[in-house]
Structures are given as structure tokens and as C-alpha cells.
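Coordinates in review
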Amino acid sequence: MSTPHNRAQKGDFAATVLMPGDPLRAKFIADTFLENPRLVTDVRGMLGFTGTYEGRPVSVMGSGMGMPSIGIYSYELYTQYGVENIIRIGSAGSYTDKARLFDVVLATGAYSESSYALTQSGDGADIQLPDPELNEALRASAAAQNIPLIEGVIHSSDVFYREPSGEKPLYWERLRDEKGCVAVEMESFALFHNARVLGKRAACLLTISDSFVSPEITTPEQRQTSFTAMMKVALGVQL
Ligand SMILES: O=P(O)(O)O[C@H]1O[C@H](CO)[C@@H](O)[C@H]1O
Ligand SMILES: O=c1cc[nH]c(=O)[nH]1
């Protein structure tokens, strides 16, 4: 079997898949953390690997950037490959001085202006939720490794580069103050939605890579390789 976007065969993916946006971050995780990793798909360069971590089977695959991209890959993993749990592990821009560079955020909800859920299933809600049991397992993994988590609603945006509107407060200040968003990324709203309509589980951990509040920024190399705390929390999940 294969899909238009995935050449893996049935049984090639573990029940739990970690999904960074960047396929090279998936390769880094496979090379650094997995025992006996094997490449199971590389269609369009979207690398997916399966191996074990501390003896537990696990897969890691890039999602690409944005909701249309993770929408495709997660839908196929859930419906064609028997995947039960997807844990997104991404980078995010902070909307608050409480979340600093390299802090790890556990999403308790994903707010979005996106039409993804409405188009996919007719769901008009502007917030999609992660699976509570998966979040509990991530909290337990983080606690066991003494890795602090900041919990909060995140903003899943369709737009990375926005034209300045001149309005005050700024759009991200409104999202922080009115919707409670602590950080912005671009995929979780669609991932949480797909999981829910398909009866599967999803969660999201983010590492702060830059800040809207103060001019801090990480390099592409750091984004690819230095988000190890988040990776260890996701890999340490016991389900
Ligand atoms: O680091 P990843 O997982 O790609 O996540 C964030 O980075 C990308 C934007 O630079 C978007 O995909 C956003 O969600
Ligand atoms: O989507 C993202 C990810 C990191 N930083 C941002 O500003 N946006």
C-alpha cells in the first residue's frame, strides 16, 4: 500500500508518532534518540522513521508547515496506518514574557481564525482541544525528567508574515489578552480537529524559538537540534 503522500507499508508506523514541522528535525530525532531507526517514507522529502525508544516502538515524521500540510499527513497516518497518537513537537513565537526562549509549552487548546475545521467537517468552533489523557502522559513524562512545562492555549495561525495594520493593541496582544494565547504556531488546530473527528488522540509540545514581546531569536541550526527537552518529554510518554 501507499498513499499519494506516503510510501510506507501497513505496519511501518508505530501507534505513537512524533511530528515536528521540519523533516530534518525528524531525522535528527531518529539519529539521536531512536534505537534501530529505519526510514519508512520520504515522499516529497517528508521523512518518516520508525524505531524504538527505551524499548517502546515509536515513529517520527515531519508534518510540513501549516494546517493544509499537517491536515494531509495526520489524516493519512490516522486512517491508513493505524496510528493512535500524534504528538506535535514544534517551534513557537511567544506572546508573553512568561514564556522565554527555549521554554517548553504544553498546549491546553489551540485557538485559530482558520477555516480548516469548518471546511473539513462543518465544525465552526474557533478552539480545538488536545486529548486530556495524552496531555496527562506528557505531564508525567516531563515531571519524571524534571523538565518544566508552561501550560496554555496556543494560537494556530495561517499566516507567518503579517502586514502591520497600525491598530492598537497589536493583534497578538489582543489574542493574548482576550483569548489567553501564550504563543503562536501553525498546525495544532488542524491536528487536534483531525484527531477528534477520527476518534484518535493528539497533543502538542512547543519550544519557544522567538518572542513577540522581546527581540530574542534562535538560529535555524538551534531550531533543528536544540529542542531536546521537548523531544525527551514526547519520547518519554508511556501510554
Ligand atoms: O518548527 P515547526 O514545527 O515547523 O513549527 C513552527 O515553525 C514553522 C514556521 O517557522 C511553522 O510550521 C510553525 O508552526
Ligand atoms: O509559527 C511560528 C513559529 C515560530 N515563531 C513564530 O512567530 N511563528
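Residues numbered from 1 in each chain as written. Chains lettered and ligands numbered in written order. Predicted model: local features only at pLDDT ≥ 70, side-chain atom pairs only at ≥ 80, totals over all residues.

The protein goes by Uridine phosphorylase in an unreviewed UniProt entry, where it is assigned to Gemmiger gallinarum. The UniProt entry for the protein carries this comment under Catalytic activity (unreviewed entry): "uridine + phosphate = alpha-D-ribose 1-phosphate + uracil". (UniProt positions renumbered as here; feature names shortened; annotations may be inferred.)

Topic: the overall build of the protein
Looking only at helices and strands, one finds eight helices and ten strands in the protein. The C-alpha atoms of the protein give a radius of gyration of 17 Å, which matches the 18 Å a tight globule of 239 residues would have. Dimensions along the principal axes, computed over C-alpha positions, put the protein at roughly 50 × 40 × 30 Å. The buried share of the protein, reckoned over its 239 residues, is 51%. (Helix = DSSP H or I, 4+ residues; strand = E, 2+ residues; numbered from the N terminus. Rg over C-alpha atoms; globule rule 2.2 N^0.38 Å. Buried ≥ 20, exposed ≤ 12 C-beta atoms within 10 Å, placed from the backbone.)

A look at the site of ligand 1
Near ligand 1 you find P20, G21, D22, M65, G90, S91, F160, E185, M186 and E187, and these make up its full shell. Of the residues belonging to the shell around ligand 1, the class tally is four nonpolar, three polar and three charged. (Near = placed C-beta within 6 Å. Nonpolar A, V, L, I, M, F, W, Y, C, P; charged D, E, K, R; others polar.)

What about the site of ligand 2?
The environment of ligand 2 is formed by S91, A92, G93, F160, V184, E185, M186, S209 and D210. Every element with two or more residues in the shell around ligand 2 is listed here: β5 (85-94), β9 (181-185) and β10 (201-211). With three residues, β5 is the single largest residue contributor to the shell around ligand 2. Residue composition of the shell around ligand 2, grouped by class: four nonpolar, three polar and two charged.

Some thoughts on the nonpolar core
With 70 residues, the main nonpolar core has V17, V105, I154, A183, L205 and A234 as its most contacted residues. Non-local contacts of V105, meaning those with residues more than four positions away in its chain, are made with A92, A99, I150, G152, I154, V182, A183, L205, L206 and I208. (Core = buried A, V, L, I, M, F, W, Y, C linked by C-beta atoms within 7 Å. Contact = placed C-beta atoms within 7 Å.)

Details of the UniProt feature "domain: Nucleoside phosphorylase" (unreviewed entry) in the protein
As annotated by UniProt and renumbered to match this structure, "domain: Nucleoside phosphorylase" (unreviewed entry) occupies residues 17-214. Across residues 17-214 one finds 32% helix and 33% strand; the C-alpha atoms that close the span lie 33 Å apart.

Some words on the pairing of strand β8 (residues 150-156)
In the sheet, strand β6 (residues 104-111) pairs with β8 via six bridges, with the strands oriented parallel. Paired with Y111 across the two strands is H155, which belongs to β8. Across four bridges, the pairing between β8 and β9 is parallel. Across the sheet, I154 pairs through a bridge with A183, a residue of β9. Handedness of the β-α-β unit built from β8, helix α5 (residues 171-179) and β9 comes out right-handed. (Pairing = 2+ DSSP bridges. Right-handed = clockwise from strand over helix to strand, strands pointing away.)

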